[in-house]
Amino acid sequence: MASTRPIPADPGLDHTLALLSEGYEFVPGRRQQLNSDIFQTRLLGQKAICLAGEEAAALFYDEELFTRKGAAPKRVQKTLFGENAIQTLDGEEHKHRKRMFLSMMTPNRLDDLAVITREEWRKKLGEWTAREELMLFREAEDIMCRIACRWAGVPLTDEEAPHRAADLGAMVDTFASVGEKYRIGKEARSRTEEWIEGVIRKIRKGELAPPAHSAAYIIASHRELDGNRLDDRMAAIELINILRPIVAVGRFVTFGALALHDYPEAKEKVREDKDNYTQMFVQEVRRFYPFGPFVGARVRKDFIWKGYSFETGTLVILDIYGTNRHPDLWEEPNQFKPERFKGWEESPFSFIPQGGGDYYLGHRCAGEWVTVMIMKESLAFLANEITYEVPVQNLNYDLGRIPAIPKSRFIMRNVKRLSE
């Protein structure tokens, strides 16, 4: 067997509490201290190897070397993903389920999504102009829920939308929490699964007839490799894996509004949209602001990489936030510069705000196109269709909080149509 060298180690018995308190900065801080893009630590009483950078991401998404099974803690599955959902699958089973999701992401369906997004933002204008003040993050989650359900073919009334949005948002907001906050997330998932399971049953009984191209219809009709349909609960979990990530885009929209506020010259360029500037702006928001902190997998078989030994079963964590700000990959990584994406040749492993790898074969998020489309339409609305004041407030965000969000949730006052 080839000789190996020791992986730089994070001293101490266990660093779970440090991870919970340091959040997005846990991995980057130790990488800096140890001057290494790979280090070993202990989390939840077990050895963990942390990685960052383009080469590390390419390694991490090699399915011959890593498995997702057993990587996501059950507590995360019980709030964020749902138990035994696509994020926990591997091999042909994962690829087959992934093709189901990708079948929803056709150009025509993305065009439909753009239209729905514009319509849902505009529907809010009358209400907003009648109010003195509003919290954008809360409004954005509500709008995202309406967008998600319309696009996915899930019935949603105006009366229930705020409650469904709150539950879907809570599932995102609490996955890294403990105690009472975590309980709130679990209860929100339980209510949401019960709701969507009822939708699936109605579709299968013929009591609901969503369009054949909709996520609700596709998932309710999907058959696994063994020829069997997903059971009602698993179908509901996977349909929630369409709805929940769209609601989560409300965070990106809120950070995008913060960027429009902090960089007024960029706001003018979004309005002009020369050379598809809005696309560059959206990508820089996704790179610059904190969203996904890291992602985990387990070593499938023993191997050596760059002289470091990886043993079967070891937990491995890829630093998403740190890779998107890695100085070897990005010039002035801590500066907000949308122009960096002009003529950018996409790499599946250097820009990974929602994970890396191949869309069709690997674990890269199938909804990434959806995220970009919704963000472009949403931020174009904020820049081009309304005026508003941003009062003095606490717009800082805590990198120790996963997921992060500006503390004030972005308060807006005196919203008016731009033409008024």
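Only a predicted model underlies this, so the values are computations on that prediction, with no experimental measurement involved.

1. Brief notes about the sheet that holds strand β4 (residues 133-135)
Right, on to step 1. With respect to topology, three strands assemble into an open sheet ordered β4-β10-β9, the strand pairing being antiparallel. Sheet topology places β4 and β9 (386-389) at the edges, where each strand pairs with a single neighbour. Averaged over neighbouring strand pairs, the angle between their axes works out to 50 degrees when direction is ignored.
Right, on to step 2. One ladder, built from three bridges, connects β9 with strand β10 (residues 411-417); its direction is antiparallel. By the bridge assignment, E389 is partnered in β10 with R413.
Right, on to step 3. Across the sheet, helix α8 (residues 136-152) lies against β4 and β10, angled at about 65 degrees from β4, the strand it touches most.

2. Quick notes on empty space enclosed by the protein
Right, on to step 1. Summed over the entire model, instances satisfying the criterion amount to one cavity of 30 Å³ or more.
Right, on to step 2. A volume near 40 Å³ is recorded for the largest cavity.
Right, on to step 3. Lining the largest cavity are R286, R287, Y289, F291, G292, I320, Y321, N324 and P353.
Right, on to step 4. Among the elements of the structure, α14 (277-288) and α15 (320-323) are those that each provide at least two residues to the lining of the largest cavity.
Right, on to step 5. Partitioned by chemical class, the residues of the lining of the largest cavity number five nonpolar, two polar and two charged.

3. Remarks on a nonpolar patch on the surface
Right, on to step 1. Side chains of L17, L20 and V178 sit close together on the surface and give an oily, nonpolar patch of about 310 Å² of accessible area.
Right, on to step 2. One can find L17 in helix α1 (residues 16-22).
Right, on to step 3. By relative accessible area, L17 is classed as exposed at 70%.

4. Let's talk about helix α16 (residues 368-384)
Right, on to step 1. Between the first and last C-alpha of α16 there are 24 Å, a value that for 17 residues agrees with the 24 Å anticipated at 1.5 Å per step.
Right, on to step 2. In terms of burial, α16 is largely enclosed, as 14 of its 17 residues are buried.

5. A short note on α14
Right, on to step 1. Here α14 spans 16 Å end to end across twelve residues, near enough to the 16 Å set by a 1.5 Å rise per residue.
Right, on to step 2. Most of α14 sits out of view: eleven of its twelve residues are buried.
Right, on to step 3. All of the buried residues in α14 are Y277, T278, M280, F281, V282, Q283, E284, V285, R286, R287 and F288.
Right, on to step 4. Packed against the buried residues of α14 are α12 (232-262), α13 (264-272), α15 and α16.

6. Let's talk about the pattern of salt bridges
Right, on to step 1. Scanning the model with the defined rule gives 38 salt bridges in all.
Right, on to step 2. E22 is paired through a salt bridge with R30; the nearest N and O atoms lie 2.6 Å apart.
Right, on to step 3. Two residues, E55 and K306, come together in a salt bridge whose shortest N-O distance is 2.9 Å. Of this pair, E55 sits in helix α3 (residues 54-60) while K306 is found in the loop between β6 (303-305) and β7 (308-310), placing the two residues 251 residues apart along the sequence.
Right, on to step 4. A relative accessible area of 53% means that E55 is categorised as exposed.
Right, on to step 5. Salt bridges sharing common partners tie together K124, E127, R131, E139, D142, R146 and D158.

7. Description of the environment of F175
Right, on to step 1. Along the chain, the position of F175 falls in the loop between α9 (161-173) and α10 (179-205).
Right, on to step 2. Spatially, the C-alpha atoms of F175 and A57 are 23 Å apart, while their sequence positions differ by 118 residues.

8. Looking at the sheet that holds strand β3 (residues 66-67)
Right, on to step 1. Strand order in the open sheet formed by five strands is β1-β2-β8-β5-β3, with mixed pairing between adjacent strands. A strand with exactly one partner marks an edge of an open sheet, and here the two such strands are β1 (38-43) and β3.
Right, on to step 2. As paired strands, β3 and strand β5 (residues 294-299) are joined by two bridges and run antiparallel to one another. Opposite T67, over in β5, you have R298 as the bridge partner.
Right, on to step 3. The strands touched by helix α2 (residues 26-34) are β1, β2 (46-51) and β8 (315-319); relative to β1, the strand with the most contacts, the crossing angle is about 130 degrees.

Conventions and cut-offs
- Residues numbered from 1 in each chain as written.
- Predicted model: local features only at pLDDT ≥ 70, side-chain atom pairs only at ≥ 80, totals over all residues.
- Heavy atoms only, no water.
- Pairing = 2+ DSSP bridges.
- Helix = DSSP H or I, 4+ residues; strand = E, 2+ residues; numbered from the N terminus.
- Axes fitted to C-alpha atoms, helices over the stretch in contact; angles between N-to-C directions.
- Contact = heavy atoms within 4.5 Å.
- 1 Å grid on protein atoms, 1.4 Å probe; cavity = no way out; pocket = protein on both sides within 12 Å on 5 of 7 lines; lining within 4 Å.
- Points joined across faces, edges and corners; volume = space filled by probe spheres on them.
- Nonpolar A, V, L, I, M, F, W, Y, C, P; charged D, E, K, R; others polar.
- Patch = residues over 30% accessible without salt bridge, like charges linked within 9 Å, V, L, I, M, F, W, Y side chains within 5 Å.
- Areas by Shrake-Rupley, 256 points an atom, 1.4 Å probe, with all protein chains shown as cover.
- Salt bridge = Lys/Arg side-chain N within 4 Å of Asp/Glu carboxyl O.
- Buried < 20%, exposed > 50% of the residue type's maximum accessible area, 1.4 Å probe, protein only.
- Expected span 1.5 Å × (residues − 1).

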